[in-house]
Amino acid sequence: MTSGKDHIIRLSEVWTTYEGADLPVIRDVNLQIKPGEFVVIGGPNGAGKTTLLETIAGLLPVVNGTVHVCGLDVVKDGCCARKNIGYVIQNFDFHPYTPFTVEEVVLMGRFGKIGWLKRHTSRDLEKVASAISQLGLTSMQKNQIGKLSGGQQQKVLIAQNLAKEPEILLLDEPFSNLDMITREEVCNLLCKVADAGIPVLIVSHAFDALPDRDIRVVVMQHGEITLNQLSHPSKVEELVRSASVAA
Ligand SMILES: Nc1ncnc2c1ncn2[C@@H]1O[C@H](COP(=O)(O)OP(=O)(O)OP(=O)(O)O)[C@@H](O)[C@H]1O
Ligand SMILES: [Mg+2]
């Protein structure tokens, strides 16, 4: 039997809302994730998938229940907790004249470790170079982020969050701008992250490039978790589809 301490992410009876919203968006959610799990979160548009990730990242008011990441309460200790959380957001839009290069944006992933006003070390630069190389961005590392394609920008954000060396990694539709081959490459990379013990939680509507390992499938509907079970990768799409139809 596993104790609560085995779970690096723990949500108990959680209700969350947006500032000014009439009703809670996430309702009575319980979720426990162990180190090294690979989690796919599915469900229809508006089901609450992004809200769930924002809740885990401690970015929303929790009106009931508790959210713990690495043993830290993300409401009471959000700043410390977020140093351990990698989060690739769903919607990003860099202005063409955003004054940062790819290298600088990826280096921002290290700020939680080095602090805004301190100088980065050679280790920080090594982590940045390694993440850039893993995402195949080395040839464009001096380019301005706003002048890259949507898929290239998405890869930069993934690299930034790998450079962060988080304890948990949340990705909201990370494949939405990626071509088929890149999707497979990124998925393999994320599989290695999970194999190293970092739980990877992906919100996705695409299930064609999942790694060959056990996947935890979580389906959301109307702000509630309606399915939460381990699955073979080949069964994930069917599970998400049938859980979405049944609810
Ligand atoms: N900033 C906000 N303020 C108020 N309500 C919001 C806000 N953002 C989202 N919502 C509402 O919360 C609900 C869940 O939204 P959420 O973005 O979590 O859905 P989702 O499952 O991620 O959908 P999608 O697949 O379209 O990304 C929706 O009904 C949405 O209208
Ligand atoms: Mg969303």
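Residues numbered from 1 in each chain as written. Chains lettered and ligands numbered in written order. Predicted model: local features only at pLDDT ≥ 70, side-chain atom pairs only at ≥ 80, totals over all residues. Heavy atoms only, no water.

### A word on the site of ligand 1
For the record, the criterion: In this text, near means that some heavy atom of the residue lies within 4 Å of the molecule or strand in question. Here a polar contact means two N or O atoms within 3.5 Å. Within protein one must be a hydrogen donor candidate and the other an acceptor candidate, and residues neighboring in sequence count only if both atoms are side-chain atoms. Only the protein chains shown count as covering a residue, and every accessible area follows the Shrake-Rupley method with a 1.4 Å probe.
Close to ligand 1 lie 13 residues, the nearest being Gly 46, Gly 48, Lys 49, Thr 50 and Thr 51. Gly 48 places a main-chain nitrogen or oxygen 3.0 Å from an oxygen atom of ligand 1. Between an oxygen atom of ligand 1 and a side-chain N or O atom of His 205, the distance comes to 3.3 Å. Computed on the free molecule, ligand 1 has an accessible area of 640 Å², of which 60% lies beneath the protein chains in the complex.

### Notes on the coordination of the magnesium ion (ligand 2)
Where we set the bar: Here the term donor refers to an N, O or S atom within 2.8 Å of the metal (or 3.2 Å for Na, K and Ca), and because water is left out of the atoms, sites may appear incomplete. Secondary structure is summarised from DSSP: a helix means a run of H or I of at least four residues, a strand means a run of E of at least two, and numbering begins at the N terminus for each.
Around the magnesium ion (ligand 2), the protein contributes the donor atoms Thr 50 (OG1) and Gln 90 (OE1), at 2.0 to 2.2 Å from the metal centre. Of this pair, Thr 50 sits in helix 1 (residues 49-56) while Gln 90 sits in the loop between strand 6 (85-88) and helix 3 (102-107); the two residues are 40 residues apart in sequence, bridging distant segments of the chain.

### Overview of the packing of aromatic side chains
Note the threshold: Working definition: rings of Phe, Tyr and Trp (its six-membered ring) pair if their centres are within 6.5 Å, and the pair is stacked with planes under 30 degrees apart, edge-to-face with planes over 60 apart, and tilted otherwise. Exposed residues in this analysis have more than 50% of their type's maximum accessible area, buried residues have under 20%, and partly exposed residues fall in between, with area computed by a 1.4 Å probe over protein chains only.
Taken as a whole and assessed by the stated rule, the structure comprises 1 aromatic pair. Centre to centre, the rings of Phe 92 and Phe 94 are 6.3 Å apart; their planes meet at 45°, and the pair counts as tilted. Overall, the relative accessible area of 18% leaves Phe 92 in the buried class.

### Brief notes about the sheet that holds strand 2 (residues 26-33)
Here is the rule: Pairing between strands requires that DSSP locate at least two bridges from one strand to the other.
With respect to topology, 4 strands assemble into an open sheet ordered 2-1-4-5, the strand pairing being antiparallel. Each edge of the open sheet carries a strand with a single partner, namely strand 2 and strand 5 (72-73).

### A short note on the environment of Arg 110
Definition in use: Should any heavy atoms of two residues lie within 4.5 Å, those residues are considered in contact.
For Arg 110, the position within the fold is in the loop between helix 3 and helix 4 (111-114). When residues no more than four places from it in sequence are discounted, the contact partners of Arg 110 are Arg 123, Asp 124, Lys 127, Val 128, Ala 163, Lys 164 and Glu 165.

### With respect to helix 7 (residues 180-195)
Operational definition: Helix span, as expected, comes to 1.5 Å for every residue beyond the first.
Here helix 7 spans 23 Å end to end across 16 residues, near enough to the 22 Å set by a 1.5 Å rise per residue. Those residues of helix 7 that fall on the buried side of the exposure criterion are Thr 182, Arg 183, Val 186, Cys 187, Leu 189, Leu 190, Cys 191, Val 193 and Ala 194. Residues of helix 7 that are buried sit in contact with strand 3 (38-42), helix 5 (122-134), helix 6 (150-163), strand 7 (168-172) and strand 8 (200-203). One side-chain oxygen at the N-terminal end of helix 7 lies 3.1 Å from the backbone nitrogen of Ile 181; it belongs to Asp 179.

### Examining the nonpolar core
Counted only if it meets this: Here, nonpolar core refers to any group of buried Ala, Val, Leu, Ile, Met, Phe, Trp, Tyr and Cys residues whose side-chain atoms link them within 4.5 Å.
Within the largest apolar cluster, 47 residues are counted, with the highest numbers of intra-cluster contacts made by Phe 38, Val 106 and Leu 190. Discounting residues that sit within four places of it in the chain, Phe 38 has contacts with Cys 187, Leu 190, Cys 191, Ala 194, Val 200, Ile 202, Leu 210, Pro 211, Arg 213, Asp 214, Ile 215 and Arg 216. Core analysis: the second largest hydrophobic core is formed by 27 residues, Leu 11, Val 29, Val 74 and Val 218 among them.

### Digging into unusual backbone geometry
If you check the backbone angles, Glu 13 has positive phi at about 50° while not being a glycine. The phi dihedral of Glu 165 is positive, around 50°, even though this residue is not glycine. Looking at the secondary structure, you find Glu 165 in the loop between helix 6 and strand 7. Judged by its relative accessible area of 26%, Glu 165 falls in the partly exposed class.

### Section: the environment of Asp 124
Along the chain, Asp 124 turns up in helix 5. Setting aside residues up to four positions removed in sequence, Asp 124 forms contacts with Leu 107, Arg 110 and Ile 114.

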